[in-house]
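# Report on the structure
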Amino acid sequence: MTTAVMTRRPAWYWMILGFSLFLVLGGVMGLLYAVVKWGTPQGMITGAAALLAVLWGSYQGMRAVRALTGLSWGEQLLHLNAYLLLLFLYIPIVILVVYSFNASKRGAVWTGLTLHWYNVLFHDRAIGKAMEVTLWVGFWSTLISTIFGTLAALALERFPRFRGRLPFDAVLYLPIIIPDIVMAISTLLFFVVLGMPLSRYTILIAHVAFNISYVAVVVRARLADMDATLEEAAMDLGADEWRTFRFITLPLLMPGIVAGALMAFTLSLDDFVITFFVSGPGSTTLPVRVYSMIRLGVTPEVNAISALMLMGSISLLLLSLALQRR
Amino acid sequence: MTYAVELIDVVKEFPPGEKGKAKGVVAVDHVTLRIRDGEFFSLLGPSGCGKTTTLRLIAGFETPTEGVIRIHGRDMTGIPPYRRPVNTVFQNYALFPHMTVFENVAFGLRMSGLPKKEIAQRVEEALAMVQLSGMEHRKPRQLSGGQQQRVALARALVNRPEVLLLDEPLGALDLKLRKAMQLELKSLQQRVGITFVYVTHDQEEALTMSDRIAVMNEGKVLQVGTPVEIYEQPANRFVADFIGETNFVTAPLAALEGNLGLIRIGDRQILRGAVVDEGLQPGTEVTLAIRPEKISLLAEPRDGAIPVVVRNVVYVGNDTRYEVELDSGIRLFVREQNVHRADIRRFTAGQHAWIWWPPENARILVQ
Amino acid sequence: MVAASRLRLQREWHVSNIVLQSTTVLFSLSLFIWAFLLFRWMTFALFRWTPWPLERQLDRLPPWAPVLLYVTLLVGDALILWGVRRRRTWARWAGLFRSLGLVLLGVGYYAWSRDIVTAFFLVGIAGAQAAILWPSPPWALSWPAAYWLGLYFMLPLLIMFIVSLGERSSMGTVVYTWTLKNYARFFGRIGGKYLYLLILWRSLWLATINTLLCLLFGYPLALWIARQPERKRNIYLLLVMIPFWTNFLVRTYAWMVILRDTGVINTVLIDVLKWTDRPLRLLFTPGAVFLGLFYGYLPFMVLPLYTSLERLDWSLIEAAQDLGANMRRVFQEVMLPLTTPGIIAGSILVFIPSVGAYVTPDLLGGARVIMVGNLLQQQFLVVRDWPFGAAVGFILMILMLLATLIYFRTGGRTL
Ligand SMILES: Nc1ncnc2c1ncn2[C@@H]1O[C@H](COP(=O)(O)OP(=O)(O)OP(=O)(O)O)[C@@H](O)[C@H]1O
Ligand SMILES: [Mg+2]
């Protein structure tokens, strides 16, 4: 296959590959130029040339790759798509992190490396308060929803039929299905109509409401995978219901519960829309605070806090993966 | 006499809707079993006949729809599994994956609140009994299938149950290990003297190991008896068919001679067999059942022998199977042991021969 | 003899250990709560507790009344617990009645004091005790989640519906007039144009295109990851999961840093390449919103797709190729049907939040109302026309429910 395609020496194809890469990159720049100079003659001409360069360059490049590696067109496109998408997913994040170290106060011009914005952040009282509320809400909502969600999952998985099971099952799925903005406004209306002042407690209530569902879904999946005969074996060996739960069900379920809890915690930390609607003055969470900072104007401080939040999410993810692997 | 386990007219019906079934399933249908103390009792039957369900009823995982279950005379109605004097070896072993071998075996003793020292000692004994000493600290997934099976056995036996329930405990093992474990299980049972209720769909396993066997089909118990009784005197066609290989010839009963019955096929040939059911009238449709190895294939005619043509010869190691055709077109299987080398292929396809059997070797069963 | 045993039978409650144990736990908990409340009440002068809403309300009564209340509850629960542990039938009934009483107490208390939190709490405890004593183990387990979701999720939806039938007063409050005006307004013409329907239409349209694009690019990516060798596969999977877990706001904001007038692209164009001195208008355009949606929800598509592609048995594909199918046929006849659950799950996960998106159009689309999310925010927080906002929210919810219903009909089971 490879030899059939390769009719010249590899060095030749490497040269073609390099040249076509050059063409494509140049072409992309040319297209950009055309966009900037849209409507002017030189813009139009550059654009047309650049388009040709990109097309011709990629065609030749792919031919060269085919000759060198024997990958078919389809497979090359698959690779290309994957690499470009991963780049696309990460470029903004990387830029954000990099710019959080930029000394310049305004604009994107690089004026030097600094940790100044992190320093500013750590001395920002409002951020500190928001952080505290976020963690408080995250902790309690995780705790409550993990317990409640796990119990509900147990009921639904271990009791295949009881009155009202179907409606309960449906209601448990609803918070995942309906858009968060709808949940946000309905919860806000509820609190206002019943006369509950908005505070961190109202945030907590709303967060628990959607977290229960996610925990239940995660734990249920784990329970469904679990071998029910293990519980029967425990009972057979003299363990009553409680001890069966304590010594068999709970330990085996633990990875699922932990995964559910971490998911709940992340969702709670990340939630913006619902919190935005049900948080009162003086009880905002970090995302809501960041949002208002963004609305007030993009400052380097926001870059810094975003980078920190990013790191937080990544470490939570790694933690959850590590715990699940055990 | 009190029995180790008694099932009296037990019915288990699963309600419709479960397991995607629209109609309810009667998994156990008016079953009455009396299992004696210290007995190795097997439940044998095809897949889905209700063996596991019967076992689960005894263990207490299912509650009977009707009927009574007693263990050593005590009514088990309403008694949860953890308060029944039985232990189970599950088909998939159900070893706790998050516990070591030691912890698995110790689980039952811990639940009954024994002191630590005694637990350690008894677990050690149990593991020694199943030849697993030194594996205490492994997790179940670090064990081979056979070893896991033995852990499951030790875990159940260490509690010294009055009755041990085993649900196809050897199902997942390869043939050789299976044979070895069969012998081991049997000798173990004789040593500890505990009543075993053993579920299997492997007839050979049941025949070699059991003191008595109950053959089940579609939730019903068709026959209970010793292996010899089940094999030699099957009570009905299903049992005869399910256990070993059997030739069946269906025809009206021609005449009765004492406890022998005669059936006529074609216009001249008469087959004889022992009549099982009393009060059978000539003229009723019956089935004659005769095992292939009980038929002698003769080169020369003799009194009462039936002429046949050999149609097929298959050499199967320690014996040879012949398929012979009677004049009336009925085909029967005959099996001969290859005792001497000269026995092999005594007949070839197309050859004329005669078959004969002592009449009491065949059984005449009602349809 | 027979009579005596029958008597005992009647007085004994046949119930499993687990019910007794959980009853014990729950009643001990409520005993502890009453005792603690009593303790606080008695020692207010001593410890200067910060009063709870309940206590602030009870302060309106003569001081002995709360004591009486707490002691009654305490003694009552202790008696019930004692009886239940002895499997007495009367204790079970007493417990059930007490639960009912506690519910009534909660309702009455709310009517008297308007202190909703405490009332909810009382009713919650009562419900849990009733479910355990009934006894209904599945409901005892489900009760906390069911109660919470019922109160704080279903009831709000109901209230939203009721409010949507009202009208906005001139002061911005809700007047319950039971009309369908808001719905008529949503579906009707405003100044000759179907203003709101247009917004809804645009949201649905954007979400659909976004879903399709995510599918178009996400499927090959998922396929590519699934076909990597084990170790690489986990790394690439992690690379997709990181955006999935990262704060949506942060990821949207990253695009602002790139696209705004003083952003990365414009800086490069103006300061580095010096092609122009007037920044390109990239942010606050529909294109930016679209980019943000695609960027934001792509991982939501890739992960479920990956899950179903990974489960796919590759020998099937090889078998199909072996049977002479070309790549296109293999895809159509084997891969597509087998990965349908993943496709549907991914589509739902992208489509629903895309329709209801708020952050993306708000941050990347500027002040204009582009999608339903903006409309809702505007009606609730700017115009303060809650009834109309509620109606819009209700319509959106119904639409999404229909979409999911269709999803479940088409055979998907996992989310
Ligand atoms: N929980 C259940 N719900 C509904 N039907 C059931 C349930 N358990 C078993 N059955 C049905 O009862 C019948 C008997 O099942 P059982 O498991 O006892 O068979 P078995 O003899 O053990 O078969 P096998 O040899 O395959 O294990 C089957 O038709 C089965 O489908
Ligand atoms: Mg079975």
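Cut-offs used in this document
Residues numbered from 1 in each chain as written. Chains lettered and ligands numbered in written order. Predicted model: local features only at pLDDT ≥ 70, side-chain atom pairs only at ≥ 80, totals over all residues. Heavy atoms only, no water. Helix = DSSP H or I, 4+ residues; strand = E, 2+ residues; numbered from the N terminus. Rg over C-alpha atoms; globule rule 2.2 N^0.38 Å. Buried < 20%, exposed > 50% of the residue type's maximum accessible area, 1.4 Å probe, protein only. Contact = heavy atoms within 4.5 Å. Areas by Shrake-Rupley, 256 points an atom, 1.4 Å probe, with all protein chains shown as cover. Lys, Arg positive; Asp, Glu negative; His and termini not counted. Charge placed at Lys NZ, Arg CZ, Asp CG, Glu CD. Domains from an automatic or database assignment. Buried area = accessible area lost by both parts, 1.4 Å probe. Salt bridge = Lys/Arg side-chain N within 4 Å of Asp/Glu carboxyl O. Polar contact = N/O pair within 3.5 Å; in protein donor to acceptor, adjacent residues only side chain to side chain. Nonpolar A, V, L, I, M, F, W, Y, C, P; charged D, E, K, R; others polar. Pairing = 2+ DSSP bridges. Axes fitted to C-alpha atoms, helices over the stretch in contact; angles between N-to-C directions. pLDDT = per-residue confidence, 0-100. Parallel < 35°, antiparallel > 145°, perpendicular 65-115°, else oblique. Left-handed = near helix turned anticlockwise from the far one by under 90°. Right-handed = clockwise from strand over helix to strand, strands pointing away. Core = buried A, V, L, I, M, F, W, Y, C linked by side-chain atoms within 4.5 Å.

## Things to note about the overall build of chain C
The secondary structure content of chain C amounts to 20 helices and 2 strands. Taking 2.2 N^0.38 as the reference for a compact globule, 415 residues should give roughly 22 Å; the C-alpha atoms of chain C span a radius of gyration of 30 Å, well beyond that estimate. Along the longest, intermediate and shortest principal axes, the C-alpha atoms of chain C span 95 × 65 × 45 Å. Counting every position in chain C, which comprises 415 residues, the buried fraction comes to 52%. For chain C, the share of sequence-separated contacts (at least 6 apart) that also reach a separation of at least 24 residues comes to 65%. About 20,300 Å² of surface is accessible on chain C, with carbon and sulfur atoms providing 69% of the total. Here chain C holds 36 positive side-chain charges and 17 negative ones, and the gap between their average locations is 8 Å.

## What to know about the overall build of chain B
What chain B contains, in helices and strands, is 8 helices and 20 strands. Sorting the 367 residues of chain B into buried and exposed places 49% on the buried side. Counting contacts in chain B only where the partners sit at least 6 residues apart, residues at least 24 apart contribute 66% of the total. Counting 44 positive and 44 negative side-chain charges, chain B places the centres of these two groups 6 Å from one another.

## Side note on the domain arrangement of chain B
Residues and elements named next belong to chain B. Along its sequence, chain B is carved into domain 1 (5-239) and domain 2 (246-366). Here the C-alpha centroids of domain 1 and domain 2 sit 39 Å apart. Listed per partner, the contact involves 8 residues of domain 1 and 8 residues of domain 2. Buried surface at the junction of domain 1 and domain 2, both sides included, amounts to about 760 Å², of which 44% is carbon and sulfur. Considering only the surface of domain 1 that becomes buried against domain 2, Tyr-231, Pro-234 and Arg-237 emerge as the three largest contributors, covering 67% of it. Viewed at the interface, domain 2 and domain 1 are joined by 1 salt bridge. A salt bridge links Lys-294 to Glu-232, with the shortest nitrogen-to-oxygen separation between them at 2.7 Å. Here domain 1 and domain 2 share 5 residue pairs in polar contact (both at pLDDT 80 or more) between them. Sorting elements by how many residues they give to the side of domain 1 that touches domain 2 places helix α7 (residues 227-232) first, with 3 residues. In the side of domain 1 that touches domain 2, the residues fall into 4 nonpolar, 2 polar and 2 charged.

## Here we look at the sheet that holds strand β7 (residues 163-167) of chain B
Residues and elements named next belong to chain B. Ordered in space as β6-β7-β8-β3-β9-β10, the 6 strands form an open sheet in which the pairing is mixed. Single-partner strands in this sheet number two, and they are β6 (86-89) and β10 (220-225). Here the average twist between neighbouring strands, direction ignored, is 20°. As paired strands, β7 and strand β8 (residues 195-200) are joined by 5 bridges and run parallel to one another.

## Observations regarding the pairing of strand β12 (residues 260-265) of chain B
Residue and element names in this part refer to chain B. Most of β12 is tucked away, with 5 of its 6 residues classed as buried. Pairing of strand β11 (residues 247-257) with β12 involves 4 bridges; the strand directions are antiparallel. Directly across from Leu-253, in β12, lies its bridge partner Ile-263. Between β11 and β12, which pair antiparallel and follow one another directly, the connecting turn spans 2 residues, one of which, Gly-258, has a positive phi of 65°. Summarising the sheet, β12 and strand β13 (residues 269-275) pair through 6 bridges and their orientation is antiparallel. For Gly-261, the partnering residue across the bridge sits in β13 and is Gly-273.

## Concerning the interface of chain C and chain A
Interface size is commonly expressed as the accessible surface area that is lost when the partners come together. Every contact between the two is made by 92 residues of chain C and, on the other side, 94 residues of chain A. On the surface where chain C and chain A come into contact, there are 2 salt bridges. At the surface where chain C touches chain A, the tally comes to 11 residue pairs in polar contact (both at pLDDT 80 or more). It is helix α8 (residues 137-164) of chain C that contributes the most residues to the side of chain C that touches chain A, 20 residues altogether. A per-class count over the side of chain C that touches chain A returns 70 nonpolar, 17 polar and 5 charged.

## Concerning the confidence of the model for chain B
Should pLDDT be low for a region, the predicted coordinates there are not to be read in detail. For chain B, the average pLDDT comes to 88, and 96% of its residues sit at 70 or higher. Here β13(B) stands out as the least confident element of chain B, with mean pLDDT 82; strand β3 (residues 40-44) of chain B is the most confident, with 95.

## What to know about the sheet that holds β12(B)
Residues and elements named next belong to chain B. On the basis of which strands lie adjacent, the closed barrel formed by 5 strands has the order β11-β12-β13-β20-β14 and mixed pairing. Averaged over all pairs of adjacent strands, the angle between their axes in this sheet comes to 55°, without regard to strand direction. Two elements, β11 and strand β14 (residues 285-290), share 6 bridges in a ladder whose sense is antiparallel. Its bridge partner being in β14, Ala-251 is matched across the sheet by Val-286.

## Quick look at the pattern of salt bridges
Pairing is possible between side chains that carry opposite charge, provided their charged atoms lie close to one another. A full pass over the atoms with the stated rule returns 35 salt bridges over all chains. In this structure, the salt-bridge partner of Arg70(B) is Glu6(B), at a minimum N-O distance of 3.8 Å. In this pair, Arg70(B) sits in strand β4 (residues 66-71) while Glu6(B) sits in strand β1 (residues 5-14), placing the two residues 64 residues apart along the sequence. Using a relative accessible area of 9% as the deciding quantity, one classes Glu6(B) as buried. Linked through salt bridges whose partners overlap, the residues forming this network are Glu232(A), Lys12(B), Arg56(B) and Glu62(B).

## Remarks on the side chain of Arg92(C)
Residue and element names in this part refer to chain C. Here Arg-92 is to be found in helix α6 (residues 89-113). Engagement of the side chain of Arg-92 in a polar contact is seen with the backbone oxygen of Trp-134, the distance being 2.3 Å. Contacts of Arg-92, omitting those with residues within four sequence positions, involve Trp-13, Val-84, Leu-133, Trp-134 and Pro-135.

## Points about the packing of helix α4 (residues 73-99) of chain A against helix α14 (residues 286-311) of chain C
One can describe the packing of α4(A) onto α14(C) by two numbers: an axis separation of 11 Å at closest approach and a directional angle of 110°. On the basis of the axis angle, α4(A) is roughly perpendicular to α14(C). For α4(A) against α14(C), the interelement crossing comes out left-handed. Every residue of α14(C) that contacts α4(A) at Leu85(A), Phe88(A), Leu89(A), Pro92(A) and Ile93(A) is listed here: Leu291(C), Phe294(C), Tyr295(C), Leu298(C) and Pro299(C). Counted by class, the contact of α4(A) with α14(C) contains 10 nonpolar, no polar and no charged residues.

## Regarding the pairing of β8(B)
Residue and element names in this part refer to chain B. Burial of β8 is extensive: 6 of the 6 residues sit out of reach of the surface. Every second residue of β8 is oriented toward a common face, with Thr-195, Val-197 and Val-199 on one face and Phe-196, Tyr-198 and Thr-200 on the other, all of them buried. Here β3 pairs with β8 via 5 bridges, running parallel. Its bridge partner lying in β8, Phe-40 is registered against Phe-196. The parallel pair β7 and β8 is bridged by helix α5 (residues 175-192), and the resulting crossover is right-handed.

## Describing the nonpolar core
Of all hydrophobic cores here, the largest spans 187 residues; its most connected members are Phe272(A), Phe277(A) and Trp148(C). Those residues within four positions of Phe277(A) in sequence are excluded, and the remaining contacts are Ile181(A), Ala184(A), Ile185(A), Leu188(A), Leu198(A), Gln377(C), Phe380(C) and Leu381(C). By size, the runner-up hydrophobic cluster in this structure holds 48 residues, among which are Val215(A), Ala264(A), Cys49(B) and Val86(B).

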